[in-house]
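Spelled out from the first residue to the last, the chains are:
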Amino acid sequence: MGPLNFPLMKLTPRSLAHTPDPTGYFGNYGGVFVPPELEAPLAEVRGAYDVVSRSHDFIEELRRIRRHFQGRPTPTYHAARLSKKLGKTQIYLKREDLNHTGAHKLNHCMGEGLLAHFMGKKKLIAETGAGQHGVALATAAAYFGLECDIYMGEVDMAKQAPNVARMQILGARVIPATEGLKTLKEAVDAALVAYIQDPVNQLYCIGSVVGPHPFPMMVRDFQQVVGLEAREQFIEMTGNLPDMVVACVGGGSNAMGLFAGFIDDPVELRGIEPLGKGPAPGEHSATMTYGSEGIIHGFRCYLLQNENGEPAPVHSIASGLDYPGVGPEHCALKDSGRVKYLTASDRDAVEAFYVLSRCEGIIPALESAHAVAHAIHLARENPEIARTVLVNLSGRGDKDMDYLIEHFGTGEEFRI
Ligand SMILES: *Cc1c(COP(=O)(O)O)cnc(C)c1O
């Protein structure tokens, strides 16, 4: 590990510093449920993160990267035309679509890359489903001059050819997972096997606030920049805090990042899960709404599972949201009542996609469109209530356009 200055500051938000507990639990959720071979590598990551998260050098370097490479701070934007069409609710957007690579995921990938650099690792490894995490991590690896192996189900590779090409252009190796259904689950298994084989040279980098301790804490800490910026920007723009803060929840990283900025404030926090085609099993991925406690990918959380405790099949039109588990801190925030978790359907998200594009000139990712859909729903429900709603626009919609044009054309049916 490189030389580190005397600790001057801490990366963990003060208000969340008491979570998780030292064993990685957020209430009943989280922890470490891994094969014995992974315990030592995870302990090394915990030790390293404990040092760097208090290191002046690390934090200063991360700030420099965010400003000069990622283009942060991203703006907070008042969607005035959309708001006016809907009534008195004022909708604001935190523009993570303008973060380099077009989504919030790079925030934690640059943190993980910098951690690998400080730990003296040579290679970043991860699995990817639709390829969004793979592209963000390949970007971080290129920046730090590290090798990068991305494990991806063979079926997903065929479906997501443009993201496979992006990763390869960025210098990553995309390794097909050829077992079983050849999708995300098999890719996770393959990535963990590879990590166990060489934890000395490689760092495993997770794609959301999920996985065994310390990943849910680390990814939250790296994402909280979204909430801290948004809070300052919102107060500067309006003189007040927002009444409500809304974000979509897949694994929960963009939501956790935004919520971290407002957790101690008198602000209502809402996480929006994908209701997909409806509440029947297999048609949605609304984990917190319909799931029960279980274990997936090394941690305990609410889980959509079958009678044997295996993760159940899930669906969402937004491939970044179709995960049967959810971050452990969200589970604790649901139980405590601090955050409310609600749903938006595929159709709600598609409507929000076209409406935001037409009204504001911003094409959102289908994931983010779930959060926008909730804001639209709130505004329509009570057109006379003048409240402010801040939405995390977690990413841009370029990746979704081919699909939408094919299935919904130019979206004439969604004009408002
Ligand atoms: C991956 C992704 C998500 C879902 O991930 P979270 O960890 O729940 O934030 C949301 N929005 C976009 C644009 C994504 O790429």
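Not measured: the values here are computed from a predicted model. (Residues numbered from 1 in each chain as written. Predicted model: local features only at pLDDT ≥ 70, side-chain atom pairs only at ≥ 80, totals over all residues. Heavy atoms only, no water.)

Asks: When you look at the site of the ligand in this model, what are you seeing that I'm missing?
Replies: As a structural note, the neighbourhood of the ligand is formed by 16 residues, with Lys105, Ser208, Gly252, Ser253 and Ser394 the closest of them. In this structure, Gly251 approaches the ligand through a main-chain N or O atom, which is 3.1 Å from an oxygen atom. With respect to the ligand, the side chain of Ser394 contributes an N or O atom lying 2.7 Å from a nitrogen atom. In isolation the ligand has 380 Å² of accessible area, and contact with the protein removes 97% of it. Residue classes in the shell around the ligand are distributed as four nonpolar, 10 polar and two charged. (Near = heavy atom within 4 Å. Polar contact = N/O pair within 3.5 Å; in protein donor to acceptor, adjacent residues only side chain to side chain. Areas by Shrake-Rupley, 256 points an atom, 1.4 Å probe, with all protein chains shown as cover. Nonpolar A, V, L, I, M, F, W, Y, C, P; charged D, E, K, R; others polar.)

Asks: Help me out: how do you make sense of the confidence of the model for the protein chain in this one?
Replies: Interpretation of this model should avoid reading the predicted coordinates in detail wherever pLDDT is low. In this model, the protein chain carries a mean pLDDT of 95, and residues with pLDDT of at least 70 account for 97%. Within the model, the stretch residues 1–9 combines pLDDT values under 50 with 22 contacts to residues more than four positions away or in other chains. (pLDDT = per-residue confidence, 0-100. Contact = heavy atoms within 4.5 Å.)

Asks: So what exactly am I meant to see when it comes to the nonpolar core here?
Replies: The tendency in soluble globular proteins is for nonpolar side chains to be buried side by side. Counting residues in hydrophobic clusters, the biggest one holds 91 residues, and the most contacted among them are Phe58, Leu115 and Leu203. Examining the composition of this core, we find that nine residues originate from one element, helix α9 (residues 215–238), more than from any other. Structurally, this core is a two-domain feature, drawing no fewer than three residues from each of domain 1 (26–69 + 105–216) and domain 2 (73–102 + 224–408). Among all residues touching Leu203, those that are not within four sequence positions of it are Val45, Glu112, Leu115, Ala116, Met119, Lys121, Lys123, Leu124, Ile125 and Tyr195. (Core = buried A, V, L, I, M, F, W, Y, C linked by side-chain atoms within 4.5 Å. Buried < 20%, exposed > 50% of the residue type's maximum accessible area, 1.4 Å probe, protein only. Helix = DSSP H or I, 4+ residues; strand = E, 2+ residues; numbered from the N terminus. Domains from an automatic or database assignment.)

Asks: Looking at this model, I keep getting lost on the side chain of Asp149. Mind explaining?
Replies: Mapped onto the fold, Asp149 is located in strand β6 (residues 147–153). Aside from chain neighbours lying at most four places away, what touches Asp149 is Lys123, Leu124, Ile125, Ala126, Arg173 and Ile175.

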